[in-house]
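Structural description and commentary
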Amino acid sequence: MIRLATFLGLIGLFVATGIIIWSGYDEVMAALQNAGMGIVWASLFHIIPMIACILGWRALLPGKKNVSHGFMFYVLWIRASIN
């Protein structure tokens, strides 16, 4: 499973690199520079709904088994990445 995850992660890295090269490195860097700190603030703000989702999913899980916040954050992060 770890080999598959590593393989898929490398494919994703190569695809992202290819998209940056295809789009033009200078254009991508200019867009990021134009976004400035707004992109950082948007990313940080996204943590608030993620925490709400984690608390909601933990409340919906059946049984007495208590799942950690860290594990639920990991699962939510993977779900968001796939989406």
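Anyway, here's the lowdown on the structure attached to this text. The shown structure was predicted, so the numbers you read here are calculated from the model rather than taken from an experiment. (Residues numbered from 1 in each chain as written. Predicted model: local features only at pLDDT ≥ 70, side-chain atom pairs only at ≥ 80, totals over all residues. Heavy atoms only, no water.)

With respect to the packing of aromatic side chains
Inspection of the entire model under this criterion finds one aromatic pair. The interplanar angle of 45 degrees and the centroid separation of 5.4 Å between the aromatic rings of F73 and W77 together place this pair among those described as tilted. Of the two residues, F73 and W77 are both situated in helix α5 (residues 69–82); the distance of four residues between them amounts to about one turn of the helix. What makes F73 partly exposed here is its relative accessible area of 32%. Judged by its relative accessible area of 47%, W77 falls in the partly exposed class. (Phe/Tyr/Trp six-rings, centres within 6.5 Å; stacked < 30°, edge-to-face > 60°. Helix = DSSP H or I, 4+ residues; strand = E, 2+ residues; numbered from the N terminus. Buried < 20%, exposed > 50% of the residue type's maximum accessible area, 1.4 Å probe, protein only.)

Focus: the nonpolar core
With five residues, the main nonpolar core is built from M50, I54, V67, M72 and L76. Beyond its immediate sequence surroundings of up to four residues, V67 is in contact with R58, L61 and M72. (Core = buried A, V, L, I, M, F, W, Y, C linked by side-chain atoms within 4.5 Å. Contact = heavy atoms within 4.5 Å.)

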